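Observations on chain architecture
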Amino acid sequence: MEESALFSTNRPGFAHIAFEVDDVRESLKRVLEYGGSMVGELVTVDNPNHDNKRAVFVCARDIEGHIIELQSWENL
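Now for a quick tour of the structure.

What counts, and where the lines are drawn
What you see as residue numbers is a count from 1 along each chain, following the sequence as written. Residue-level local features of this predicted model are given only where pLDDT is at least 70; pairs of side-chain atoms are given and counted only at 80 or more, and the full residue set underlies all totals for whole chains, interfaces and linings. Hydrogens are left out, water is left out, and the side-chain values use all remaining heavy atoms of the structure. The numbering of helices and of strands both runs from the N terminus, where a helix is a DSSP run of H or I of at least 4 residues and a strand a run of E of at least 2. Each residue's exposure class comes from its accessible area (1.4 Å probe, protein chains only) as a fraction of the maximum for that residue type: buried when under 20%, exposed when over 50%, partly exposed otherwise. Whether two residues touch is decided by their heavy atoms; if any such pair falls within 4.5 Å, the residues are in contact. Values of accessible area rely on a 1.4 Å probe in the Shrake-Rupley scheme; residue burial ignores everything except the protein chains shown. For this analysis, a polar contact is any N or O atom pair within 3.5 Å, provided that within protein one partner can donate a hydrogen and the other can accept it, and provided that sequence-adjacent residues contribute only side-chain to side-chain pairs. Two strands make a pair as long as DSSP finds a minimum of two bridges between them. In what follows, salt bridge is the name for a side-chain nitrogen of Lys or Arg lying within 4 Å of a carboxyl oxygen of Asp or Glu.

We now examine the overall build of the protein chain. Of the regular secondary structure elements, the protein chain holds two helices and four strands. Along the protein chain, helices and strands appear, N-terminal first, in the series α-β-α-β-β-β. The burial tally for the protein chain puts 22% of its 76 residues in the buried class. Long-range contacts, defined as pairs at least 24 residues apart, comprise 46% of the intrachain contacts of the protein chain with a sequence gap of at least 6. In the structure as shown, the protein chain presents an accessible area of about 5500 Å², 49% of it carried by carbon and sulfur atoms.

Structure below.
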């Protein structure tokens, strides 16, 4: 399979999978250390009207090209 098809989201299977982790930055660091890559940027969003939580999340690719979302939630 050519590389552009490997990294396409328009292919059979799931588009992405999300994981709630304790520390998004540390988890992303490990993904990158094991050969993954970034997709976009790390984002922090305060949600005072949604249970008064802060969301931290980032998307990355694992070594097989799957998009994974890493996320954590903490109280403001």
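Let us now look at the side chain of glutamine 71. Mapping glutamine 71 onto the fold places it in strand β4 (residues 67-75). Residue classification places glutamine 71 among the buried residues on the basis of a relative accessible area of 18%. Engagement of the side chain of glutamine 71 in a polar contact is seen with the side chain of glutamate 69, the distance being 3.2 Å. Not counting residues within four places of it along the chain, the set of residues in contact with glutamine 71 comprises Ala18, Phe19, Glu20, Val21, Val24, Val56 and Phe57.

A word on the pairing of β4. Pairing of strand β1 (residues 16-20) with β4 involves five bridges; the strand directions are parallel. When the sheet's bridge partners are listed, histidine 16 is paired in β4 with isoleucine 67. In this sheet, β4 lies alongside strand β3 (residues 53-61) in antiparallel orientation, the contact comprising nine bridges. Bridge pairing links cysteine 59 to glutamate 69 in β4.

The tally for this structure, following the rule as stated, stands at two salt bridges. Of the charged contacts in the structure, one is a salt bridge between aspartate 46 and arginine 54, with a shortest N-O distance of 2.6 Å. Using a relative accessible area of 25% as the deciding quantity, one classes arginine 54 as partly exposed. The closest approach of N and O atoms between arginine 54 and glutamate 74, which form a salt bridge, is 3.2 Å. One end of the pair, arginine 54, is in strand β3; the other, glutamate 74, is in strand β4, with 20 residues separating them in the sequence. Residue classification places glutamate 74 among the partly exposed residues on the basis of a relative accessible area of 36%.

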